[in-house]
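As a plain string of letters, each chain reads:
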Amino acid sequence: MSSVVWFRADLRADDNGALAAARAAGGPVTGLFLVAAAQWRRHAWGPRRQLFVWPHALARRQPLAALGIPRGI
């Protein structure tokens, strides 16, 4: 069985309950981060917050790779 972990607001690779559960289930895990402008607007994520979040989302590549999760962001 494979799992997908959707990184929305919690971008942590360590101490992330959803990621830990997916890894414990066995099988491949894919990390997913979506740029969803409409959702960001709905939750009042202005341009500054978006610019803050994007590099942090990209920075997830390295910690996820260390856990054996391939580059997917």
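Residues numbered from 1 in each chain as written. Predicted model: local features only at pLDDT ≥ 70, side-chain atom pairs only at ≥ 80, totals over all residues. Heavy atoms only, no water.

Draft legend 1. Spotlight on the nonpolar core. Core analysis: the biggest nonpolar cluster contains 14 residues, and Val5, Phe7, Leu11, Leu19, Val29, Phe33 and Leu64 have the highest contact counts within it. Sorting the residues of this core by element identifies helix H1 (17–24) and helix H3 (47–58) as the ones contributing at least two each. Residue contacts for Val5: discarding those within four places in its chain leaves Ala18, Leu19, Ala22, Val29, Thr30, Gly31 and Leu32. (Core = buried A, V, L, I, M, F, W, Y, C linked by side-chain atoms within 4.5 Å. Buried < 20%, exposed > 50% of the residue type's maximum accessible area, 1.4 Å probe, protein only. Helix = DSSP H or I, 4+ residues; strand = E, 2+ residues; numbered from the N terminus. Contact = heavy atoms within 4.5 Å.)

Draft legend 2. Region of the structure containing the pairing of strand S2 (residues 29–32). By the alternation rule, side chains of S2 split into Val29 and Gly31, which are all buried, and Thr30 and Leu32, of which none is buried. The pairing of strand S1 (residues 3–6) with S2 spans four bridges and is classified as parallel. Across the sheet, Val5 pairs through a bridge with Gly31, a residue of S2. On the question of chirality, the crossover connecting S1 to the parallel S2 by way of H1 is right-handed. (Pairing = 2+ DSSP bridges. Right-handed = clockwise from strand over helix to strand, strands pointing away.)

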